[in-house]
Amino acid sequence: MNRLGELERAIMDVLWEAADPLSVREVSGRLTDRDLAHTTVMTVLDRLAKKGFARRERSGRAWHYRAAESREAYVTELMLSALDQTGDRQAALARFARSVSGTEAQALLDALGALGEVARS
Amino acid sequence: MSAAVVILAAVAIVCIPAASALAHARWPRRSPAAAILLWQGLGLGWGLAAVGALLGLGAAGNQTGVLGAAFARLAVIARNGTSQPAMTAVAVVQLLCLAAGLTLLAVLCWILVAAFAAVAKARQRQRQLLNLLAHGDPKVPGALVVDHPAAAAYCLPGLRSAIVVSAGTLALLDAHELAAVLAHERAHLRERHDLVLLPFAALLRAFRWAGVARRAQSAVALLVEMHADDRALRHRPARELATALLRVGAAGGGAVPSGALAAAARTECDVTARVVRILRPAPGLCPASRALVGLAAATAATVPAILLVLPLR
């Protein structure tokens with residue numbers, strides 16, 4: 001992952017952790033293990049806002065940032081697009097196995113297990 | 001009507017029942033790679049022949065090949081405009097054929113461009129989300145892990161490709177089964193199976209009402225999976241791949257939104273078919289049969305292409 005991607009991720013982690021919108025200074029302050037210039041953090045927050053991952057709102061004289069959606073919502077979006085079978089995303093991603101009915105799969109797995117027992121004995 | 005137009009029309013018409021027959025045939029499962037090639041030949045051949053036949057009917061005259069004659073005809077129409085002498089019924093039909101051919105050509109080009117754009121956009125979004133959310137895990141070296149309990153494994157093709165595995169899959173499969181999953185997905189990425197699927201998915205989007213487009217798309221999708229299975233089996237034992245497929249397939253069903261049930265019912269037998277094939281492999285086609293399939297694919301694609309550009313006397 002490149003440095004910019006890594007920064008975006010670290011900053012999103014800060015926004016997801018926070019209960020309230022944060023100013024650029026507050027975000028910098030929470031990235032304790034890094035020594036980042038104020039402008040760097042501002043640039044990355046701006047990029048995140050442009051991509052739609054962060055929302056910014058004015059509070060007094062400074063911009064405050066918050067995550068547009070919760071981490072769980074984004075994880076769900078990723079998974080849904082991966083599990084989607086309706087065609088549009090079919091060409092974008094290739095899934096390992098589409099769904100099979102539980103009983104059918106279990107019957108085959110049992111058969112495989114029995115074969116394994118025979119092979120071992 | 002020239003011989004070229006007759007041949008083009010015949011190819012365009014024959015491609016449809018040929019595709020239906022190929023979708024129902026059993027031999028493609030024995031040599032998926034050869035069958036995929038034949039699907040590509042049929043698809044390309046049908047597109048070129050259908051456009052060529054319509055343009056040829058509209059152009060009437062074959063001195064410079066169908067494409068050349070059509071352009072010559074268009075030039076005449078552009079020069080004369082509406083001030084042509086009274087048109088005969090034949091001339092009207094010819095004009096309609098010309099317009100239909102050009103429309104079909106435009107539609108086919110457009111759906112491909114649109115499909116590329118849609119796929120690029122979906123992948124861009126996936127990359128951005130993975131960048132923010134995914135992490136590595138020593139259990140699946142080289143793959144990205146997303147913390148979600150549903151079982152899913154997939155690959156994100158492209159120049160910056162990635163294999164993605166959910167935390168649910170990590171919990172579900174043992175180390176051997178995970179290695180089989182990775183080998184399968186790596187085959188997809190290495191051989192750019194997404195590029196094989198894209199035109200068929202695009203065709204289905206444009207001709208959703210046509211049963212043959214749907215059958216072609218699902219047949220090619222299944223063949224691509226079977227081909228990746230074969231590649232994975234070069235490095236991994238059959239049993240591990242089969243159990244991985246069944247476990248992921250059985251666990252993944254619960255998370256599919258209810259709207260996709262019809263697709264799930266159809267693909268249900270796909271996983272079973274793959275498992276049966278992995279555990280009881282039929283011998284592949286003999287080299288002579290494979291050569292014959294390759295020849296058929298080449299003929300289906302090149303004959304219409306040649307007739308489009310070269311005159312046939």
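Just so it is clear, the model here is predicted, and its values are computed rather than measured.

### Digging into the pairing of strand S3 (residues 62–67) of chain A
Residue and element names in this part refer to chain A.
For step 1, the next point in the chain: As defined by bridge partners, strand S1 (residues 22–23) adjoins S3 across 2 bridges and the pair is classed as antiparallel. Bridge pairing links Leu22 to Tyr65 in S3.
For step 2, the next point in the chain: In the sheet, strand S2 (residues 54–59) pairs with S3 via 6 bridges, with the strands oriented antiparallel. Paired with Arg56 across the two strands is Tyr65, which belongs to S3.
For step 3, the next point in the chain: Connecting the antiparallel pair S2 and S3 is a turn made up of 2 residues, with Gly60 showing a positive phi of about 70 degrees.

### Here's the deal with the packing of aromatic side chains
For step 1, the next point in the chain: Taken as a whole and judged by the stated rule, the model has 5 aromatic pairs over all chains.
For step 2, the next point in the chain: The interplanar angle of 70 degrees and the centroid separation of 5.3 Å between the aromatic rings of A:Phe53 and A:Tyr74 together place this pair among those described as edge-to-face. Of this pair, A:Phe53 sits in the loop between helix H3 (38–51) and S2 while A:Tyr74 sits in helix H4 (residues 71–83), and the two are 21 residues apart along the sequence. Just as A:Phe53 is buried, A:Tyr74 falls in that class too.
For step 3, the next point in the chain: Look at B:Phe207 and B:Trp209: their rings are 5.7 Å apart centre to centre, the planes differ by 80 degrees, and that puts the pair in the edge-to-face class.
For step 4, the next point in the chain: Residue classification places B:Phe207 among the buried positions, given a relative accessible area of 16%.
For step 5, the next point in the chain: Taking the relative accessible area as the measure of exposure, B:Trp209 reaches 69% and is therefore exposed.
For step 6, the next point in the chain: Through a chain of ring-to-ring contacts, the aromatic side chains of A:Trp16, A:Phe53 and A:Tyr74 assemble into a single cluster.

### Observations regarding a nonpolar patch on the surface
For step 1, the next point in the chain: Together, B:Leu112, B:Phe116 and B:Leu195 make up an exposed nonpolar region whose accessible area comes to about 260 Å².
For step 2, the next point in the chain: Counting through the fold element by element, B:Phe116 comes out in helix H4 (residues 89–133).

### Concerning the side chain of B:His188
All names here are of chain B.
For step 1, the next point in the chain: Topologically, His188 is positioned in helix H6 (residues 175–190).
For step 2, the next point in the chain: Since its relative accessible area comes to 2%, His188 is described here as buried.
For step 3, the next point in the chain: In this structure the side chain of His188 is engaged in a polar contact, spanning 2.8 Å, whose partner is the side chain of His193.
For step 4, the next point in the chain: A polar contact of 3.2 Å, which involves the side chain of His188, links it to the side chain of Glu225.

Criteria and thresholds
Residues numbered from 1 in each chain as written. Chains lettered and ligands numbered in written order. Predicted model: local features only at pLDDT ≥ 70, side-chain atom pairs only at ≥ 80, totals over all residues. Heavy atoms only, no water. Pairing = 2+ DSSP bridges. Helix = DSSP H or I, 4+ residues; strand = E, 2+ residues; numbered from the N terminus. Phe/Tyr/Trp six-rings, centres within 6.5 Å; stacked < 30°, edge-to-face > 60°. Buried < 20%, exposed > 50% of the residue type's maximum accessible area, 1.4 Å probe, protein only. Patch = residues over 30% accessible without salt bridge, like charges linked within 9 Å, V, L, I, M, F, W, Y side chains within 5 Å. Areas by Shrake-Rupley, 256 points an atom, 1.4 Å probe, with all protein chains shown as cover. Salt bridge = Lys/Arg side-chain N within 4 Å of Asp/Glu carboxyl O. Polar contact = N/O pair within 3.5 Å; in protein donor to acceptor, adjacent residues only side chain to side chain.

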